[in-house]
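# What the coordinates show
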Amino acid sequence: MSLESFKRSIELGRQGFNQGFSMGLPKLEELIGGITKSTMTLLFASSGQGKSSCVLYSYIYAPLKEHLEDNKLKIIFFALEMKEDFIIAKLLSTYLYDTYHIRISAKLILSIGKDYTLPDDIYEYVKLGYEWLEKVYKNLIIFDGAHTSDKVISEIMQVLKEEGTFEDDHYIPNNPEQTVLAVIDHAGLLIPSNGRTKKGEIDECANKLVVIRNKTDLSVLFIMQSNRSVANMERKKNEAFMEPMVEDIKETGTPSEAAELILAVYNPQVDKRSS
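Please read these numbers as outputs of a predicted model, since none were measured by experiment.

Right, let's get into the confidence of the model for the protein chain. Detail in the predicted coordinates should be disregarded across regions flagged by low pLDDT. Summarising the model, the protein chain shows a mean pLDDT of 89, and 94% of its residues fall at 70 or more. When pLDDT is averaged over each helix and strand of the protein chain, the minimum, 61, is found for helix H10 (residues 233-237) and the maximum, 97, for helix H8 (residues 149-163).

Written out as structure tokens, the structure is:
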């Protein structure tokens, strides 16, 4: 980076191009600045702690709610765990509660349940949400199903080429105000390829994402699961040590070394803590 390039970054920041996006959690935004450009974030939790709900609300619903019309945010969501229909149903569930105070789960929106069919009165509200979903789909790209690291990188590069231009070793975005966010949920479900182990596949993905981030200002949310066995008897004897630690992350520590920001999701009620 030259001095002139650095000066330009300062000027772009003064013009508001580097401001973070709202996550719907003001206290957290004060600490991390919201969703910002060129930031690699690792979010981890053990099973059942609510990491997917946290991600769908704070990294997709809340920021899109404010930026559906201005083309300032493009999200690439790799849903390695959930199907696309269920993700959209969860977003719609949040929208219906937020807008009409209608409380209905994603499963019920999809009429998933024994002897259950979405009733007519709620269906009318669901249809009211279709226009909102049309706008969501213009800003959110979902890839579900099995993916290798190479496939993830290829899909991200394709979107970046649509949102900007690669010239020599530089990337020029079509809209300097736009932030492109890639979400990998979750990395432990990447399919090993080219003779790599599961650890090698995750490491390959994390390392390549760092290179792309440095070149294009891509932001990355890398989601991982921690090992449930870490909540062993020794740690349960001392409740202060039951909270998640980076060392708990399954498979590999490379993403934690590559990330500027590490977030853990923890629900003390799951561990039945006394306080």
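Attention now moves to the packing of aromatic side chains. Using the criterion set out here, one finds 7 aromatic pairs in the structure. On the basis of an interplanar angle of 85° and a centroid distance of 6.3 Å, the ring pair of Tyr 95 and Tyr 100 is categorised as edge-to-face. Taking the centre distance of 4.8 Å and the plane angle of 55° together, the rings of Phe 166 and Tyr 171 count as tilted. Pairwise contacts between aromatic rings join Tyr 57, Tyr 61, Tyr 95, Tyr 100, Tyr 125 and Trp 132 into one cluster.

Before going further, it helps to spend a moment on the pattern of salt bridges. On inspection of all chains with the given rule, the structure shows 13 salt bridges. Close ionic contact of Glu 201 with Arg 196 constitutes a salt bridge, the shortest N to O distance being 2.8 Å. You can call Arg 196 partly exposed: its relative accessible area is 22%. Note that Arg 196 and Glu 204 form a salt bridge whose closest N and O atoms lie 3.9 Å from each other.

With that settled, the discussion passes to the layout of surface pockets. In this structure, the largest pocket spans a volume of roughly 970 Å³. In this structure, the largest pocket is lined by 28 residues; those nearest its centre are Ser 5, Ser 9, Tyr 171, Lys 215 and Asp 217. Mapped onto the lining of the largest pocket, the elements with two or more residues apiece are helix H1 (3-14), H8, strand S5 (170-173), strand S6 (179-185) and helix H9 (198-216).

Given a rise of 1.5 Å per residue, 19 residues ought to cover 27 Å, and the 27 Å separating the end C-alpha atoms of H9 matches this to within 8%. The complete set of buried residues in H9 reads Glu 201, Ile 202, Asp 203, Cys 205, Ala 206, Leu 209, Val 210, Ile 212, Arg 213 and Thr 216. Asp 217 lies just past H9 and shows a positive phi near 70°.

A separate point is the nonpolar core. In this structure, Tyr 59, Phe 77 and Leu 140 are the most contacted members of the largest nonpolar core, which totals 44 residues. Top contributing element to this core by residue count: helix H4 (residues 84-100), with 7 residues. Once you skip the residues sitting within four places of it in the chain, Leu 140 turns out to touch Ile 60, Leu 64, Ile 75, Phe 77 and Leu 91. Counting residues in each nonpolar core, the second largest holds 31 residues, with Leu 80, Val 180, Ala 182 and Ile 249 among its members.

Next up on the list: a nonpolar patch on the surface. Where nonpolar side chains cluster on the molecular surface, the patch consists of Leu 3, Phe 6 and Ile 10 and spans about 300 Å² of accessible area. Considering the arrangement of structural elements, one finds Leu 3 in helix H1.

Let us look at the side chain of Ser 46. The residue Ser 46 is located in the loop between strand S1 (40-45) and helix H3 (51-66) in this model. Only 3.2 Å separates the side chain of Ser 46 from the side chain of Gln 49, close enough to count as a polar contact.

This next bit is on the sheet that holds strand S8 (residues 261-264). By definition, the strands of a sheet pair up through backbone hydrogen bonds, in either a parallel or an antiparallel sense. The strand order across the open sheet built from 6 strands is S3-S2-S6-S7-S1-S8, with neighbouring strands paired in parallel fashion. The outermost strands of the open sheet, each flanked by one partner alone, are strand S3 (140-144) and S8. Strand-to-strand, the axes of this sheet are offset by a mean angle of 15°, without reference to chain direction. Where strand S2 (residues 73-79) and S3 come together, 5 bridges link them in parallel fashion. Each bridged residue has a counterpart across the sheet, and for Phe 78 the counterpart in S3 is Phe 143. Seen against the sheet, helix H7 (residues 130-139) touches S2 and S3 and runs at an angle of roughly 75° to S3. Where H8 meets the sheet, it contacts S2, S3 and S6, and its direction lies at approximately 165° from that of S2.

Rules of the game
- Residues numbered from 1 in each chain as written.
- Predicted model: local features only at pLDDT ≥ 70, side-chain atom pairs only at ≥ 80, totals over all residues.
- Heavy atoms only, no water.
- pLDDT = per-residue confidence, 0-100.
- Helix = DSSP H or I, 4+ residues; strand = E, 2+ residues; numbered from the N terminus.
- Phe/Tyr/Trp six-rings, centres within 6.5 Å; stacked < 30°, edge-to-face > 60°.
- Salt bridge = Lys/Arg side-chain N within 4 Å of Asp/Glu carboxyl O.
- Buried < 20%, exposed > 50% of the residue type's maximum accessible area, 1.4 Å probe, protein only.
- 1 Å grid on protein atoms, 1.4 Å probe; cavity = no way out; pocket = protein on both sides within 12 Å on 5 of 7 lines; lining within 4 Å.
- Points joined across faces, edges and corners; volume = space filled by probe spheres on them.
- Expected span 1.5 Å × (residues − 1).
- Core = buried A, V, L, I, M, F, W, Y, C linked by side-chain atoms within 4.5 Å.
- Contact = heavy atoms within 4.5 Å.
- Patch = residues over 30% accessible without salt bridge, like charges linked within 9 Å, V, L, I, M, F, W, Y side chains within 5 Å.
- Areas by Shrake-Rupley, 256 points an atom, 1.4 Å probe, with all protein chains shown as cover.
- Polar contact = N/O pair within 3.5 Å; in protein donor to acceptor, adjacent residues only side chain to side chain.
- Pairing = 2+ DSSP bridges.
- Axes fitted to C-alpha atoms, helices over the stretch in contact; angles between N-to-C directions.

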